Amino acid sequence: MAQTGRPLSPHLQVYKWQVQMATSILHRATGIILAVGSLLIVWGLAALAAGEEAYACFTACASHPLGMIVLVGWTLAFFYHLSNGIRHLVQDTGKGYAIPSFVRSSWLSVIAAIVLTVIVWAFVLTGGHA
Amino acid sequence: MSKDLRNPLARARGLGSAKDGVHHWMLQRVTAIALVFLTVWFLVMVLGLLHADYATARATVAKPWNAVLLIAFVVTAFRHAVLGLQVVIEDYVHTRWLEVGSLIVIKFIAVLAALMGVLAVLRIALGS
């Protein structure tokens, strides 16, 4: 890109904050998080293949408080990217572009991600026997 | 004068300025649709293994259907990840050598990680 020193669009500093801005950038951010998280899934599979000791090391990391924080973050990123991804697939068919429905579906993605994360972690923290 | 400045042949081929057509766009959507199902299935399987011991976890992954879906999941996830990361890098990295360099690096990492994942599942499924 040419370095002209002129201000670049979009002029984020003068925009009023809108939920669509958040859902857009969050989709990319959570995508990056999930890409890194996929490496952890491969680690888990490799540990399971390597033997009981390596797998015990993996599960110890996963159930450590820090590991749990990472996993909660991963779950939230996953459900957000999933629900907003489905929203994008629907929009690819040409539906939902009117501003009110665009805003509504943005909020729906965010709320669905939070609700699904809470459900999964309620299941995990109550012992996984629900 | 024609409104379209593109060469008629280029327009007929329909490949756009990137000479790639809608391949990237379409592959991103197709892998996304696959991942909607594969990721939810994966999450359900992992939640089912929460308190499983090593042998149970291994036996679950070794089941043919689980092994097949796991391999499909790993390959599709990394393919989708590279497509997405590629767009992010193209949009935000404006130094050409850094852009090309990171595009190559993410591809190398994704291929190696996918191969590692596939090999792990195969080792478990084939019991070695």
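Described in the following lines is the structure provided in the data block. Note that this is a predicted model, so its numbers are computed, not measured.

1. What to know about helix H5 (residues 96-125) of chain B
Piece 1. With 30 residues, H5(B) extends 43 Å between its outermost C-alpha atoms, agreeing within 8% with the 44 Å of an ideal straight helix rising 1.5 Å per residue.
Piece 2. Within the sequence span of H5(B), burial applies to Glu99(B), Leu103(B), Ile106(B), Ala110(B), Ala113(B), Ala114(B), Gly117(B), Val118(B), Ala120(B), Val121(B) and Ile124(B).
Piece 3. Summarising the contacts, the buried residues of H5(B) are in contact with helix H1 (19-50) of chain A together with helix H3 (54-62) and helix H4 (64-92) of chain B.
Piece 4. Of the residues one or two after H5(B), Gly127(B) is the one with positive phi, at around 70°.

2. What to know about the interface of chain A and chain B
Piece 1. The interface of chain A with chain B comprises 31 residues on the first partner and 36 residues on the second.
Piece 2. Contact with chain B buries area across many residues of chain A, yet Arg28(A), Leu45(A) and Leu48(A) alone supply 21% of it, more than any other trio.
Piece 3. Counting the contacts that link chain A with chain B gives two salt bridges.
Piece 4. A salt bridge links Asp91(B) to Arg28(A); the nearest nitrogen and oxygen atoms lie 2.7 Å apart.
Piece 5. Along the contact surface separating chain A from chain B lie six residue pairs in polar contact (both at pLDDT 80 or more).
Piece 6. Contributing elements (two or more residues each) for the side of chain A that touches chain B: H1, helix H2 (52-63), helix H3 (65-92) and helix H4 (99-125) of chain A.

3. Points about the packing of H1(A) against H4(B)
Piece 1. At a minimum axis distance of 9 Å, the contact between H1(A) and H4(B) shows a crossing angle of 140°. In terms of orientation, H1(A) and H4(B) fall into the oblique class. Seen along the crossing, H1(A) lies across H4(B) with a hand that is left-handed. Note on element contacts: H4(B) touches H1(A) through Leu70(B), Phe73(B), Val74(B), Phe78(B), Ala81(B), Leu85(B), Val87(B), Val88(B), Asp91(B) and Tyr92(B), opposite Ile25(A), Arg28(A), Ile32(A), Ala35(A), Ser38(A), Leu39(A), Ile41(A), Val42(A) and Leu45(A).
Piece 2. Tallied by class, the residues present in the contact of H1(A) with H4(B) amount to 16 nonpolar, one polar and two charged.

Rules of the game
- Residues numbered from 1 in each chain as written.
- Chains lettered and ligands numbered in written order.
- Predicted model: local features only at pLDDT ≥ 70, side-chain atom pairs only at ≥ 80, totals over all residues.
- Heavy atoms only, no water.
- Helix = DSSP H or I, 4+ residues; strand = E, 2+ residues; numbered from the N terminus.
- Expected span 1.5 Å × (residues − 1).
- Buried < 20%, exposed > 50% of the residue type's maximum accessible area, 1.4 Å probe, protein only.
- Contact = heavy atoms within 4.5 Å.
- Buried area = accessible area lost by both parts, 1.4 Å probe.
- Salt bridge = Lys/Arg side-chain N within 4 Å of Asp/Glu carboxyl O.
- Polar contact = N/O pair within 3.5 Å; in protein donor to acceptor, adjacent residues only side chain to side chain.
- Axes fitted to C-alpha atoms, helices over the stretch in contact; angles between N-to-C directions.
- Parallel < 35°, antiparallel > 145°, perpendicular 65-115°, else oblique.
- Left-handed = near helix turned anticlockwise from the far one by under 90°.
- Nonpolar A, V, L, I, M, F, W, Y, C, P; charged D, E, K, R; others polar.

What is shown is where atoms sit, not what they do.
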